Amino acid sequence: MSKPKIRVRIAPSPTGNLHIGTARSALFNYLFAKKNKGDFIVRIEDTDLERSGEQYTKNIIEGLRWLEIEWDEGPEKSGKYGPYFQSQRTEIYSDYLKKLLDNGTAYYCYCTEEELDKERAEMEKQGIAPRYSGRCRHLTEEQKRKFESEGRKPIIRFKVESKKIKFNDLIRGEIEFDTDLIGDITIAKDLNTPLYNFAVVIDDYTMEISHVIRGEDHISNTPKQLLIFEALGLTPPVYGHLPLILGSDKSKMSKRHGATSILEYRENGYLPEALVNFMAFLGWNPGDEREIFSLKDLIKEFSIEKTHKTGAIFNVEKLDWFNSYYIKQKSIKELTKLCVPFLAEGRLIQRAGSKFEITDTKELIDSEYLEKIVALEQGRIKKLKDIDEATNYFFFDSIKYEPEILIWKKSDKEATSANLKNVYKILSELKEKDFEPKKLEKILLGICGEDRGAVLWPLRVALCGRKASPGPFDIAAILGKEKTLKRINDAINTLK
């Protein structure tokens, strides 16, 4: 007999942007499905109409697509288990709510917020964990009519009977709950407005979800959902709860630990393959020393049994390391294309037909010129956004710096000026074609003597205006003869 097909899902609520926790859950579900030749479904839980927004749905879809986590069914990919928006599934929920009301496992509750607050306060005063007392469980028809005449609008509650409920978690093993601590739970505002714990049960059942892999913050919801499955006589999926993502201080991941929205990482210059590789290690590893995994590699290697139980620490330095690695793997042509938006965002360049215009000088340059600049920094930048700050000196007519940084630590102002004048004289005698890194290196090293720094340090600062940068031969080769001589002359004048 063949095994039932693996079907997993993520069900984000469009009340905010796609954040790192949901994206990590999506990745683990996707890997689990693909490893087991199953289906990965995206379902949008938009029953909270007041807080849900179309812009958030778009953000979720765009974020998953950027990460290349493609779904088999969901928004823009219809299937026989749709619709994939909860707001379009009202009739389905209504039918199942009626079944619970008819079999007596759900009932209308007429309690006001004031009455519920008073009840909770009394329980807290007695040292009892607050829960609903069930006071509306056995209302007569007459009592219901009286409440309705008072203008009370009932909600629908589910009867939670006293018992122990156990389930075997894919990641954590056996988990047990005492339902006495839960109380009768609210499952709908009315027949047309289901709440989370009810809607998710119906969706998982009608979409034939086989496994629910989600964050450990949902563990407390699992017994409630299992009880609803049981009351309807339905078979529940297998549950697995992923460890929370924690900040460097081991508190729950938040904005202060770094960006939490996935598209913020894109805006900050992270590559999708780096983020996917990094997220895979937030709660999982292959059991050996390997760290670099493509999405294809992860599908092959992934095993839910290797998922950790303890919280996963979000280490931004590690993310930067992954990103730096993947930046180095790009071809210069591809990396330059990726860097162009960040150079434009920094107002260094702008598109001009098939070329680019340098904003400061209005000079037109081609993509080959940009490729030379990007190649200089490929091994140094951690994020694509760094390219702006790292290379901006190439795009200015003149650069500013304090005269003191031109002077090598073993030198002085007069010697520095003399060395720069000597370099200027030698380079002015060269032809443009001689402005090639190896030729420049050979010529200039020939005049350095024992202390190279006395010549090369002020030359490099003159060309880029900073203490740390690529070597002066590479910079001069890209700037070309005219710009190189201008900057050396500016440095000589700065020292006067």
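Note that the structure is predicted; figures quoted are calculated from it, not measured.

Engineer: If you had to explain the sheet that holds strand β13 (residues 349-352) to someone new, which residues and values would you point to?
Structural biologist: Strand order in this open sheet of three strands is β13-β14-β15, and the pairing throughout is antiparallel. Looking at which strands have only one partner, the edges of the open sheet turn out to be β13 and β15 (364-365). In this structure, β13 lies alongside strand β14 (residues 355-358), joined through four bridges in antiparallel fashion. The residue bridging Gln350 from the neighbouring strand is Glu357, located in β14.

Engineer: Kindly report on helix α13 (residues 367-377), identifying the contributing residues and their values.
Structural biologist: Within α13, burial applies to Tyr369, Leu370, Glu371, Ile373, Val374, Leu376 and Glu377. In this fold, the buried residues of α13 make contact with α12 (332-345), β13, β14, β15, α14 (386-391) and α18 (472-495).

Engineer: Give a description of unusual backbone geometry that names residues and reports values.
Structural biologist: It is generally the case that most residues other than glycine have a negative phi and that most peptide bonds are trans. Omega for the bond connecting Gly82 with Pro83 falls within 30 degrees of zero, at 0°, which places this linkage in the cis form. Inspection of the secondary structure assignment puts Pro83 in the loop between α2 (54-66) and α3 (90-102). At Glu208, a position not held by glycine, the phi torsion is positive, near 55°. Checked against the element boundaries, Glu208 lands in the loop between α6 (196-206) and β9 (211-215). The exposure class of Glu208 is partly exposed, given its relative accessible area of 46%.

Engineer: How would you explain the environment of Lys153 if you had to name every residue and give the values?
Structural biologist: Along the chain, Lys153 falls in the loop between α5 (141-149) and β4 (155-158). For the pair formed by Lys153 and Asp190, sequence separation is 37 residues and the distance between their alpha carbons is 8.9 Å.

Engineer: Describe the packing of aromatic side chains, with residues and values.
Structural biologist: Evaluated as defined, the whole model comprises 18 aromatic pairs. Note on Phe281 and Phe322: the rings are 6.2 Å apart at their centroids and 40° apart in plane angle, and the pair reads as tilted. Placement of Phe281 in the loop between α9 (272-280) and α10 (295-301) and of Phe322 in helix α11 (residues 316-329) is noted, with a sequence separation of 41 residues between them. Considering the side-chain rings of Trp321 and Phe322, the 5.2 Å spacing of their centres and the 70° angle between planes classify their relative orientation as edge-to-face. Of the residues examined, Phe322 reaches a relative accessible area of 1% and is grouped as buried. Its guanidinium or amino end placed over the ring of Tyr81, Arg7 lies 3.9 Å from that ring's centre, counting from NZ or CZ. One cation-aromatic arrangement involves Arg157 over Tyr132; the distance from NZ or CZ to the ring centre is 3.7 Å.

Engineer: Pulling in residues and values, what's your account of the packing of helix α1 (residues 20-35) against α9?
Structural biologist: Where α1 contacts α9, the axes come no closer than 10 Å and their chain directions differ by 80°. It follows that α1 is roughly perpendicular to α9 by the angle criterion. Facing α1, whose interface residues are Ile20, Ala23, Arg24, Leu27 and Phe28, α9 presents Leu275, Val276, Met279 and Ala280. When the residues that make up the contact of α1 with α9 are grouped by side-chain class, the tally is eight nonpolar, no polar and one charged.

Engineer: Which residues make up the pairing of strand β10 (residues 238-242), and what values go with them?
Structural biologist: Here β10 lies mainly inside the structure; four of its five residues are buried. Examined bridge by bridge, β9 and β10 share five bridges and lie parallel to one another. In the sheet register, Arg214 faces β10, and the bridge partner there is His241.

Cut-offs used in this document
Residues numbered from 1 in each chain as written. Predicted model: local features only at pLDDT ≥ 70, side-chain atom pairs only at ≥ 80, totals over all residues. Heavy atoms only, no water. Pairing = 2+ DSSP bridges. Helix = DSSP H or I, 4+ residues; strand = E, 2+ residues; numbered from the N terminus. Buried < 20%, exposed > 50% of the residue type's maximum accessible area, 1.4 Å probe, protein only. Contact = heavy atoms within 4.5 Å. Phe/Tyr/Trp six-rings, centres within 6.5 Å; stacked < 30°, edge-to-face > 60°. Lys NZ or Arg CZ within 6 Å of the ring centre and 35° of its normal. Axes fitted to C-alpha atoms, helices over the stretch in contact; angles between N-to-C directions. Parallel < 35°, antiparallel > 145°, perpendicular 65-115°, else oblique. Nonpolar A, V, L, I, M, F, W, Y, C, P; charged D, E, K, R; others polar.

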